[in-house]
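Remarks on the overall topology
Take a look at the letters that make up each chain.
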Amino acid sequence: MMKRCYLAPKGFEKDLINELDDPSAIQYDRLFVSENEREIVWAQNTWLEPKLVRFESISDAAKILKAILRNWALFPYKAIRRAKLIQEKLPFISQKPLPFPTPLPKAPLGSWTLLSDHELLFSPSCSSPYPNGEPIFIEDKETPPSRAYLKLIEAFTLIGNHPKKGDKCLEIGAAPGSWTYVLANLGADVIACDRSELAPHIMSRKNVEFIKGDAFALTPDKVGKVDWIVSDIICYPDKLFEWIQLWLKSDLCQNFVITIKLQGASDMDAVKKFAAIKGSKVRHLFNNKHELTWTLQIAKS
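One structure accompanies this document, and this report is about it. Numbering of residues begins from 1 in every chain and follows the order in which that chain's sequence is written. Side-chain atom pairs in this predicted model are given and counted only at pLDDT of 80 or more, local residue features only at pLDDT of at least 70, and totals for whole chains, interfaces and linings cover all residues. Side-chain numbers here rest on the full set of heavy atoms in the structure, without hydrogens or water.

1. Here we look at helix H9 (residues 267–275)
- Working definition: with a 1.4 Å probe on protein chains only, accessible area under 20% of the residue-type maximum means buried, over 50% means exposed, and in between means partly exposed. Strands are runs of DSSP state E lasting at least two residues, helices are runs of H or I lasting at least four, and both sets are numbered from the N terminus onward. Among all positions of H9, only Asp267, Ala270, Val271 and Phe274 are buried. Projection of H9 onto a plane perpendicular to its axis shows the buried side chains occupying an angular sector of 105°, all on one side. Every exposed residue of H9 that faces more than 90 degrees away from the buried side is listed here: Asp269 and Lys272. Picture the helix axis, draw a direction to every C-beta atom, and the arc is the one those directions span.

Here it is, written out as structure tokens:
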């Protein structure tokens, strides 16, 4: 029985297969049809209500979809020319690059594909509000030292929150400064720590305080209360988890955006520990590489 369809990020199909652990799953390129019904961190988009129907013509397929929902995103698989003709008969979905910050789309977005000339696989409900789980942002190709900043703005967009002017942010593993660039642009006061210095034009910002040294030495007792903790640091997930635990126990920070860098299959055990933290979420962002992003927002009492 088909319960969910999971779309793997490009190049990470094996990671999704291993996490899914469903021998009966059927693969259609990056899309996996499964009898399992659970959250998969390696899914770029999850089709929550998949259905498979036969249709007679291009107009027939478009009619089926429009009768259910207005907005649909195509995942190209088979009969691609035929699929594009069907998509042309559906309402146009703009995929222009998004400014940041920008709110999440409110309109429901379904996903669909063709398995053959007459087989339509679709879901009117999906985990991502973006076509195939791919939010595309307007890029600043001059100021940030690297494209890594796209991970942070994607995470902020998905959680529907970001630092405001005057918020105090702590970033560990900050060099060369791409995430600091985002935080500073939002008007936050940033404490950025790394053994290497930030790019000069980032480090010279008035609202950036740079600390050179061991990032994990910045424990709650030494830093005090902060509004946000963010990190894209390269380290073993277990070490990062232990440091995060210190902050959670201190109750001195309510908002976290942390990249979990993966170096082997065993790292998924550490990922499960992050995912088990109440109220948090682990996911593979569109702008992630072989890494996952953990986010947590603790409601203020």
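2. A look at the pairing of strand E15 (residues 291–297)
- Taken across its 7 residues, E15 has 6 buried, putting it largely inside the fold.
- Note that strand E13 (residues 255–261) and E15 share 7 bridges and pair antiparallel. Bridge assignment links Asn255 to a residue of E15, and that residue is Gln297.
- Sheet topology places strand E14 (residues 281–283) next to E15; 3 bridges connect them, and they run antiparallel. Looking across to E15, one finds that Arg283 is bridged to Thr293. DSSP bridges decide pairing: two strands pair if at least two such bridges lie between them.

3. Thoughts on the packing of helix H8 (residues 237–250) against H9
- Axis lines are fitted through C-alpha atoms, for helices just across the contact stretch, and the angle between N-to-C directions can take any value from 0 to 180 degrees. Relative to each other, H8 and H9 sit at 20°, their axes nearing to 9 Å. If you check the angle between H8 and H9, you find them roughly parallel. Viewed along their axes, H8 and H9 form a crossing whose handedness is left-handed. Of the residues in H9, those in contact with Pro237, Asp238, Leu240, Phe241 and Ile244 of H8 are Asp267, Ala270, Lys273 and Phe274.
- Side-chain classes are defined by residue name, with Ala, Val, Leu, Ile, Met, Phe, Trp, Tyr, Cys and Pro counting as nonpolar, Asp, Glu, Lys and Arg as charged, and the others, Gly among them, as polar. For the contact of H8 with H9, a count of residues per class yields 6 nonpolar, no polar and 3 charged. For classification purposes, angles smaller than 35 degrees are called roughly parallel, those larger than 145 roughly antiparallel, those between 65 and 115 roughly perpendicular, and all remaining angles oblique. Take the far helix as your reference; a near helix turned counterclockwise from it by less than a right angle gives a left-handed crossing, and one turned clockwise gives a right-handed crossing. Throughout, a residue-residue contact means that at least one pair of heavy atoms, one from each residue, lies within 4.5 Å.

4. Brief notes about the side chain of Asn287
- Summarising the element assignment, Asn287 is placed in the loop between E14 and E15.
- By the criterion applied in these results, polar contacts are pairs of N or O atoms within 3.5 Å in which, for protein atoms, one can donate a hydrogen and the other can accept it, and in which residues neighboring in sequence qualify only through two side-chain atoms. At 2.8 Å, the side chain of Asn287 and the side chain of Glu154 are in polar contact.
- Residue contacts for Asn287: discarding those within four places in its chain leaves Pro135, Leu150, Lys151 and Glu154.

5. Some details on the pairing of strand E9 (residues 168–172)
- In terms of burial, E9 is largely enclosed, as 4 of its 5 residues are buried.
- Bridge count for E9 against strand E10 (residues 189–194) is 5 bridges, and the pairing is parallel. Each residue of the ladder has a partner; that of Glu171, found in E10, is Ala192.
- What joins E9 to E10 is helix H5 (residues 178–185), and the crossover it makes is right-handed.
- Alignment of E9 against strand E12 (residues 228–231), held across 4 bridges, turns out to be parallel. Residue pairing across strands places Ile172 opposite Ser231, the latter belonging to E12. Note on handedness: a crossover is taken as right-handed if, strands pointing away from the viewer, the path from the first strand over the helix to the second is clockwise.

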